[in-house]
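In case you want the letters, here they are:
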Amino acid sequence: MDKQTSILLLGAGTFGLSTAYHLAKAGYTNITILEKSSTFPPELSAGNDLNKILRAEYEDPFYAELALEAMAAWKSPLFAPYYHETGYLLCNSAAAPEKSKKSLQKALDSISQHPAFKNKITPVISRDDIHKVAPAFSGPMQWKGYFNSFAGYASAADSLMAVYSACIALGVKIHLNSTAQALTYSGDICTGAITAAGKHYSASMIVLALGASLGSILPQIKRQVVAKASPLAHIQLTPEEAARLRGIPVTYARDLGFFFEPDRRTNLLKICPSMAGYTNYDTSSGLSLPPDDNEFIPAVDEAMIRRLLRETLPGLADKPLIRRRVCWCADTADSEYVIDFVPGKKGLVVVTGDSAHAFKMLPIVGKWVKNVLETGRQENARWRWKEGSDAAAADISWRVGQTMDFKEVKDIRRDPKITKAKL
Ligand SMILES: Cc1cc2nc3c(=O)[nH]c(=O)nc-3n(C[C@H](O)[C@H](O)[C@H](O)COP(=O)(O)OP(=O)(O)OC[C@H]3O[C@@H](n4cnc5c(N)ncnc54)[C@H](O)[C@@H]3O)c2cc1C
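Predicted model, so just to flag it, every value in this text is computed and none were measured. (Residues numbered from 1 in each chain as written. Predicted model: local features only at pLDDT ≥ 70, side-chain atom pairs only at ≥ 80, totals over all residues. Heavy atoms only, no water.)

Asks: I tried to follow the nonpolar core on my own but got confused; where do I start?
Replies: For soluble globular proteins, nonpolar side chains are generally found buried alongside one another. L17, I31, W74, Y337, M361 and W368 are the most contacted members of the largest nonpolar core, which has 76 residues in total. Looking at which element gives the most residues to this core, the answer is helix α2 (residues 61-73), with 8 residues. For L17, the contacting residues outside a window of four places in its chain are G11, A12, I33, F40, L160, V163, Y164, C167 and I174. Membership of the second largest hydrophobic core comes to 29 residues, among which are C91, V124, I297 and L313. (Core = buried A, V, L, I, M, F, W, Y, C linked by side-chain atoms within 4.5 Å. Buried < 20%, exposed > 50% of the residue type's maximum accessible area, 1.4 Å probe, protein only. Helix = DSSP H or I, 4+ residues; strand = E, 2+ residues; numbered from the N terminus. Contact = heavy atoms within 4.5 Å.)

This is how it looks when you write it as structure tokens:
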């Protein structure tokens, strides 16, 4: 590639935006993004959320190192306003299954001897230990785990907005309300994409950063990635309630769920229940793909959210939930990303397989994609296209519980009045 090479990115979510940013910063002058959503941050992006956990512990030390690199980048001028180092309380409740305990132990092992975490980790074996880092928590919490002070969260939608503005300033052309419907080819060369409105965009290099929707454009990805949904909901706190929770660590009971410091602008408390993810298989294609309606959560997940609150903040456990929704990610069998050329096609690259853990990589993931585009190959075997791998059949080590398809879910909960207001 030279710096004038035309590059077409499909999807302006976490991966697509970071890729555009790194390419534009490196001097590439002809970058276009097509994004399905009509507003930014994209309604459909998994990254369009109040907040996301930034932590470096992983079951796999390879990702722990990458997350450390990302956390350093979160302290750079573009990202620093959106990073809040509140610390991270990671525990298991008394009733946690063995799988959840093993996952926590592996995560702790990845950082406990690491010099970056010297004096940053405190064991948690009692309710008193939790009170030391979260005095406002008044529930029973018979939890065990640890507190890591070198972690926190990102204001997610706001940071996407900052990267979007940086991309525009660097000359990236971003077309919203532009749904890519099909790729176009000349022989085995990918020449561009055609939108639902019938407009053709041609380019020399096409990068698919479509998150959970990748299969709709590239069915040959098959089950290397499986779209999986995670529910989330919010509670609107009063200013007084929010003030009491100011500065709490990101709190994650591996088998119950997690929540964050209330959003500093809106006083919304975001809560995610622990679960293994939902699929939405389409019987004709055999692929799990996000549906159009995502503004609900299964009743069992609402019950789990209330259980988590009864354990920690019982005074909030019966408050109305609002902005209930499910958010879609792309799981791989081994939770590794796939950043590679599509075999048998020239000029076509996928960046996918976020496996619900990639928002923290927003500042750096685009660098890895740029490297693949420039070298013409994926040097890292972990992130290569893995023909035949089946994420649907895999037992993901860190996911607690049983994956279900939405067809099996009978009881769902919606907001009484669906609010579409931007977070
Ligand atoms: C509930 C939840 C909590 C999470 N928490 C964390 C966390 O705490 N920490 C963390 O690091 N990660 C977290 N994640 C994961 C993180 O959000 C994802 O890994 C990351 O956002 C994935 O980025 P992506 O670019 O692959 O997908 P997305 O951000 O979803 O981007 C895909 C984009 O493609 C667009 N698109 C789709 N189809 C088309 C089309 N046909 N044409 C054009 N555009 C299209 C979509 O609108 C979207 O903007 C969480 C995810 C969820 C769901």
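Asks: Looking at this structure, how should I read the site of the ligand?
Replies: Taken together, 32 residues are adjacent to the ligand, and T14, E35, I53, C327 and D354 come closest. Between the ligand and T14, the relevant distance is 2.7 Å, taken from an oxygen atom to a side-chain nitrogen or oxygen of the residue. One of the backbone N or O atoms of A356 is found 3.5 Å from a nitrogen atom in the ligand. Within the complex, 97% of the 1000 Å² of free accessible area of the ligand lies under protein. The class makeup of the residues in the shell around the ligand is 15 nonpolar, 12 polar and 5 charged. (Near = heavy atom within 4 Å. Polar contact = N/O pair within 3.5 Å; in protein donor to acceptor, adjacent residues only side chain to side chain. Areas by Shrake-Rupley, 256 points an atom, 1.4 Å probe, with all protein chains shown as cover. Nonpolar A, V, L, I, M, F, W, Y, C, P; charged D, E, K, R; others polar.)

Asks: What is the right way to read the sheet that holds strand β11 (residues 189-195) from this model?
Replies: The strands that make up a sheet pair up through hydrogen bonds in the backbone, lying either parallel or antiparallel. Pairing is antiparallel in the open sheet, where 3 strands are placed in the order β10-β11-β12. Lying at the two open borders of the sheet, with one neighbouring strand each, are β10 (180-186) and β12 (200-202). Averaged over all pairs of adjacent strands, the angle between their axes in this sheet comes to 30 degrees, without regard to strand direction. (Pairing = 2+ DSSP bridges. Axes fitted to C-alpha atoms, helices over the stretch in contact; angles between N-to-C directions.)

Asks: What is the right way to read the pattern of salt bridges from this model?
Replies: Pairing between side chains becomes possible if they bear opposite charge and their charged atoms approach one another. This model, assessed by the stated rule, comprises 28 salt bridges. In this structure, D411 and R413 form a salt bridge, with 2.7 Å as the shortest nitrogen-oxygen distance. For R413, a relative accessible area of 32% puts it in the partly exposed group. The structure contains a network of salt bridges with shared partners spanning D49, K52, K270 and R325. (Salt bridge = Lys/Arg side-chain N within 4 Å of Asp/Glu carboxyl O.)

Asks: Is there a simple way to explain the packing of aromatic side chains in this structure?
Replies: Any aromatic ring pair is given by two values, namely how distant the centres are and how the planes are angled relative to each other. Under the definition given, this model contains 19 aromatic pairs. Ring geometry for F15 and Y337: centres 5.8 Å apart, planes at 75 degrees, overall edge-to-face. Separated by 322 residues along the polypeptide, F15 in helix α1 (residues 14-25) and Y337 in the loop between β20 (322-331) and β21 (338-341) bring together distant segments of the chain. For the pair formed by F15 and Y337, the shared burial category is buried. Aromatic rings pair up to connect F15, Y58, F62, Y63, Y337, W368 and W383 into one cluster. The side chain of R55 reaches across the aromatic face of Y58, ending 4.5 Å from its centre. The ring of Y185 has K345 sitting right over it, with the charged end atom 4.6 Å from the ring centre. (Phe/Tyr/Trp six-rings, centres within 6.5 Å; stacked < 30°, edge-to-face > 60°. Lys NZ or Arg CZ within 6 Å of the ring centre and 35° of its normal.)

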